[in-house]
Amino acid sequence: MSRLEIRSLRKSFEGVEVIKGIDLVVEDREFCVFLGPSGCGKSTTLRLIAGLEEADDGQILLDKDDITDRAVDKRDLAMVFQSYALYPHMTVRENMSFALRLAKMDQRAIDEKVGRATKILALEPYLDRKPSALSGGQRQRVAIGRAITREPRVFLFDEPLSNLDAALRAATRLEIARLHQELNATMIYVTHDQVEAMTLADRIAIFNEGRIAQIGKPMELYHRPVNKFVAGFLGMPQMNFFEATVEGGSVKLGNGNSVSIPGASQLNGKVTVGIRPEHLRVCDGDGTGETVNGKLSVVERLGSETYAYVDVPQVGSITVRAEGDFERRAGRDICIRLDLTHAHVFDASGAAIHHP
Amino acid sequence: MAKRKHNQGARTIRIIASWIVAIIIFFPILWMLLTSFKSELDAFSMPPHFFFTPTLENYEQILARANYLHYAWNSIVTAGGATILGMIVAVPAAYAFAYHPTLKTKNILLWMLSTKMLPSVGVLVPIYLICRDLNMLDSKTALIVIFALINLPIMVWMIYTYFRDIPYDILEAARMDGASTGQTMFRVLIPVSRGGLASTALLCLILSWNEAFWSLNLTTASAAPLTALVASFSSPEGLFWAKLSAVSTLACAPILVLGWLSQRQLVRGLTFGAVK
Amino acid sequence: MSARIRKRPERLLAQPAIIMLLVWMIVPLAMTLYFSTQYYNLLYPGKSAFVGLENFAYFFTYPSFWTSILNTIILVGSVLVVTVVGGVLISVLVDETFPGQGVVRMLLISPFFIMPTVAALVWKNLLMNPVSGFLAWLWKLFGATPVNWFADWPLFSIITVVSWEWLPFAILIFVTALQSLDREQMEAARMDGARGFAIFRYLTLPHLARPIAVVVMVEAIFLLNIFAEIFVTTNGGPGDATTNVPYLVYTQALLEFDVGAASAGGLVAVVLANIMAVFLIRLIGKSLTEKT
């Protein structure tokens, strides 16, 4: 069993509180992603779990063992560092077997474990090379291999894909997913890339300014974000937000238009309406439903779909998803259908008060 | 076309000037080397003999008399001993400064630098008296300790800058792999930084070998290193120029070669890490 | 939950080095301080007595003392000027790739690795000897009378020897520093019409400013301690023409066995060095611990 529990974790650096009370449970064999912008505390939390930093307050429990005060080398955790941190003076084989040799394991056991990791990661041709003779992607696999040979209770990944180029990143992402299935181990993965989070995670913990904003399955977070921050962080391109006032059941936009949001009749006061680009449509000319007019400022054609960025006066910039063969050009006037069936509503403090 | 020729011309002049300057600066050493192969008569002749029959008699005489080997041995033991002692103390210190700095670390490092500025002469009296009272006048041990102390600041600084160049996460990875502090140092840090450590040791070796204040004042016969042997040739009557040259060549050649081989690496230590 | 007590055993690793240097500095200095107030002659150890500042008075009225201070300043200053100016010019001269560049560099830095005693004696005898020295021959070649360097120009001769020893150090440092000079910047300057001298003045020199400061600081540390060269050539003479502060203290301590006076002199040397150290460390020291 490898269940990790964190209670009320706090950490300050030079008088500034960076981790402001984290509570979290990572279940056995779960792939949990720590997601968030730079400086939100996700890497620090990972390092606190690893023992590379000491917590000021709180507890870290691994299967009911309190490891909060335990030394780094006694926690039975393995970490894959962002910069790989391979030992430059050792070969790949020696890198992967270092921990086992320190533990004075007998040679046969070492060879067996190293062999297994080598096979999983296809590292056979590189076993006798030194890190300087490897490419970035190969080094990364060795870093992962080094963690695998140790058969730790929990794997920790610190932004492992950020130093790879785009193509390699996508391929390695798949490999990590496969790895999780094959090893069936508990993994904690830190990243700022929401695509990695959405595709790899069993559950995502979104960090913001030293606290966890929300934890849950990716789709839960996507469809029912608990506040504006989470809603804006997941989803590419970002969710559209515009200010509105609710009076007597109808939602009034900045430009005076009134729209209706199904099921949101009991709201009141100043709100922010959020709706994702894929839930908006360009008007199809039949004049039905609520619409709003604006000017097309930028068109991004991706081939499979197109994103139209529309400036609507007194409302803001609205992003709409259109088909791949969308033909209109920037600078033209355009009309958007404002079907707010799938809209979220956030109150003045950013908390979600209505989900579709 | 004309511009290119002009540049070629300027470049050629620069190259020739470089060679001339280099030869002028090297000349005394060259002359010393040549003189060591002359007979004393040739060595002292005026005008100087540029062409002569080389002889090995000077070297034979120096090596035959147990003298030279004795002094050379003293140089080796004192310089080597000081280097080993210095490294044993400096490496842990540099490790602490580089990877576990406190607010005081900067000040401590600068203070170490300032101890190097302490003029040896300022402590000549007490050190002399202490050595006399501990019966360590004319002892290699005293020299070893003193050489280590005077070079410690440079060594700590030099190793400190090398350690700072090593990414810390390699050491963190070792810790996560289960290494204790000692194992991290010996199985990861030291092997990775062995180039820098070698340069530091080399610099200490060179500075100790050439040290010419304590080695002259604290020794007489039994512990005197080569600096003292050469100094004994300073008496005006003995015009043993050829022998002086031979002794000097033997005394300086090893260090000269070591210096040539490691010149680039020494820069960092000699400038306390300011120039790399 | 209560806050944790941090254990940092690693910080103790620095203790041996710190303690050793502390002892090395404090104990002898304290002793020197003590002795400087004593009458203590090694030949008559029983006759020690407290004499207050008499030793200092003796020193300050001792004519050779002021000469030695002057000589020290002249010695250090001249060598600094020669090595820095010469070092900059020569390093710029050889900062060019050409066949044999490595050999040229080796030749240029060689004197730095030569023992001070060797350097001094080679210069005094093989080169500067007025009868059979190489320079004597050279002078005669041009029809001039050879100069008796060490007899007639003793301090100048010492300066020459020490400069010869330390010029390579400056060259080595500056050559290394020039390697990191931005070539693209120089090409841009050339395209802007800058000629050799302008490039030197506005690009090279500023780039060398910090290495020059460091060279000055490091050399000053060693130059204030010059001893061996004087010891084997002039023994401070003729008279006290080449006596610097270290040599003066040495004569008091180990030739006249006057420990009291030697200690007073030693303290003066320490004060001199400290003045310079405070100045230099403030100037350069802080930048040494910055991350470059």
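Residues numbered from 1 in each chain as written. Chains lettered and ligands numbered in written order. Predicted model: local features only at pLDDT ≥ 70, side-chain atom pairs only at ≥ 80, totals over all residues.

Moving on, we come to the sheet that holds strand β1 (residues 4-13) of chain A. Residue and element names in this part refer to chain A. Strand order in this open sheet of 4 strands is β2-β1-β4-β5, and the pairing throughout is antiparallel. One side of each edge strand has no neighbouring strand; the edge strands of this open sheet are β2 (16-26) and β5 (65-66). Pairing of strand β4 (residues 57-62) with β5, which is carried by 2 bridges, proceeds in the antiparallel orientation. Of the residues in β5, the one forming a bridge with L62 is D65. (Pairing = 2+ DSSP bridges. Helix = DSSP H or I, 4+ residues; strand = E, 2+ residues; numbered from the N terminus.)

Further remarks concern the pairing of β2(A). Residues and elements named next belong to chain A. With 8 bridges joining them, β1 and β2 adopt antiparallel strand pairing. Paired with L4 across the strands is V26, a residue of β2. Hairpin connection, β1 to β2: the antiparallel pair is bridged by 2 residues, and E14 has positive phi, about 50°.

Time to look at the interface of chain B and chain C. Counting residues at the interface gives 84 residues for chain B and 84 residues for chain C. Per-element tally for the side of chain B that touches chain C: the top contributor is helix α1 (residues 2-36) of chain B, with 16 residues. (Contact = placed C-beta atoms within 7 Å.)

Moving on to the packing of helix α10 (residues 194-209) of chain B against helix α13 (residues 241-270) of chain B. All names here are of chain B. Across the interface, α10 lies against α13 with an axial gap of 9 Å and an inter-helix angle of 120°. In terms of axis orientation, α10 runs oblique to α13. Considering the relative orientation of α10 and α13, their crossing is left-handed. Contacts between α10 and α13 pair S199, T200, L202, L203, I206 and W209 from the former with I255, L258, G259, S262, Q265, L266 and G269 from the latter. When the residues that make up the contact of α10 with α13 are grouped by side-chain class, the tally is 7 nonpolar, 6 polar and no charged. (Axes fitted to C-alpha atoms, helices over the stretch in contact; angles between N-to-C directions. Parallel < 35°, antiparallel > 145°, perpendicular 65-115°, else oblique. Left-handed = near helix turned anticlockwise from the far one by under 90°. Nonpolar A, V, L, I, M, F, W, Y, C, P; charged D, E, K, R; others polar.)

Attention shifts here to the domain arrangement of chain A. Residue and element names in this part refer to chain A. Under the domain assignment, chain A is made up of domain 1 (4-233) and domain 2 (240-354). For domain 1 and domain 2, the distance between their C-alpha centroids amounts to 39 Å. Taken together, the contacts link 6 residues of domain 1 with 8 residues of domain 2. Residue composition of the side of domain 1 that touches domain 2, by class: 4 nonpolar, 1 polar and 1 charged. (Domains from an automatic or database assignment.)

This brings us to the sheet that holds strand β7 (residues 154-158) of chain A. All names here are of chain A. Across the sheet, which stays open at both edges, the 6 strands sit in the order β6-β7-β8-β3-β9-β10 with mixed pairing between neighbours. A strand with exactly one partner marks an edge of an open sheet, and here the two such strands are β6 (77-80) and β10 (211-216). Ignoring which end each strand starts from, the neighbouring axes of this sheet average 20° apart. Here 5 bridges tie strand β3 (residues 31-35) to strand β8 (residues 186-191), and the two strands are oriented parallel to one another. Across the sheet, the residue bridging to V33 is Y189, located in β8.

Residue and element names in this part refer to chain C. Here chain C averages 81 in pLDDT, and 91% of its residues register 70 or above. Low pLDDT, under 50, characterises residues 1-6; the stretch is placed with 9 contacts to residues that sit more than four places away or in other chains. Among the prediction metrics, the complex's ipTM stands at 0.82, with pTM recorded as 0.80. (pLDDT = per-residue confidence, 0-100.)

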